[in-house]
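For reference, the chains in residue letters:
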Amino acid sequence: MGAYGNVPDEDVKIIERATGIAGSVVASIPSGAPHGWVATAYEYVLEAIIRDWVEHGTDDLDSADADDLAELVRASADIALTQEPSLQDVTFRTVLRGWLGDWVRNWGLDE
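Residues numbered from 1 in each chain as written. Predicted model: local features only at pLDDT ≥ 70, side-chain atom pairs only at ≥ 80, totals over all residues. Heavy atoms only, no water.

A. Fine view of the side chain of threonine 91. Tracing the backbone through its elements, the reader meets threonine 91 in helix α4 (residues 85-106). The exposure class of threonine 91 is buried, given its relative accessible area of 15%. If we skip the residues at most four places from it in the chain, threonine 91 touches Ile79, Ala80 and Gln83. (Helix = DSSP H or I, 4+ residues; strand = E, 2+ residues; numbered from the N terminus. Buried < 20%, exposed > 50% of the residue type's maximum accessible area, 1.4 Å probe, protein only. Contact = heavy atoms within 4.5 Å.)

So, in structure tokens, the structure goes:
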């Protein structure tokens, strides 16, 4: 039995790596973006990484994957910041969630 009972030690390591990647990816949010976007991006990216692992068995994300995720976060923020202030938060959340959903469904399937 592992350190967390029936939770396999390898699963714990995968989730630890996922949190590290998600944490590094949110650094790509532009400095002028609302502070709350960091937590939103972290949540959405971590969720996408875990969903990708569960649905596709992807447990070996590399720096290129982290770079792709960071660019999705940065592009979502840049697009949201061009909207009128009352629409920026919803734009950021919606665009990022859409792109991350596409990332989970389609990216790397032909590898």
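B. How the structure looks around a negative patch on the surface. A contiguous patch of negative charge, built from Asp59, Asp60, Asp62, Asp67 and Asp68, is present on the exposed surface. One can find aspartate 60 in the loop between α2 (36-56) and α3 (63-81). (Patch = residues over 30% accessible without salt bridge, like charges linked within 9 Å, V, L, I, M, F, W, Y side chains within 5 Å. Areas by Shrake-Rupley, 256 points an atom, 1.4 Å probe, with all protein chains shown as cover. Salt bridge = Lys/Arg side-chain N within 4 Å of Asp/Glu carboxyl O. Lys, Arg positive; Asp, Glu negative; His and termini not counted. Charge placed at Lys NZ, Arg CZ, Asp CG, Glu CD.)

C. Structural context of α3. Taking 1.5 Å of rise per residue, the 19 residues of α3 would be expected to cover 27 Å, and the 27 Å separating its terminal C-alpha atoms lies within 8% of that figure. Those residues of α3 that sit buried are Ala66, Leu69, Ala70, Leu72, Val73, Ser76, Ala77 and Ala80. Seen from one end, α3 has its buried residues packed into an arc of 155 degrees, which puts them on one side. Structurally, α3 contributes buried residues whose contacts are with α1 (9-25), α2 and α4. The opening residue of α3 is aspartate 62, an N-cap whose side-chain oxygen sits 3.0 Å from the backbone nitrogen of alanine 64. (Expected span 1.5 Å × (residues − 1). Arc of directions from axis to C-beta. Polar contact = N/O pair within 3.5 Å; in protein donor to acceptor, adjacent residues only side chain to side chain.)

D. How the structure looks around the environment of alanine 48. Take alanine 48: it is sitting in helix α2. With relative accessibility at 1%, the residue alanine 48 sits in the buried group. As for alanine 48 and alanine 22, which are separated by 26 residues in sequence, their C-alpha atoms are 9.5 Å apart. In this structure alanine 48 touches Leu100, Trp103 and Val104, once residues within four positions along its chain are discounted.

That's the geometry; what it means functionally is another story.
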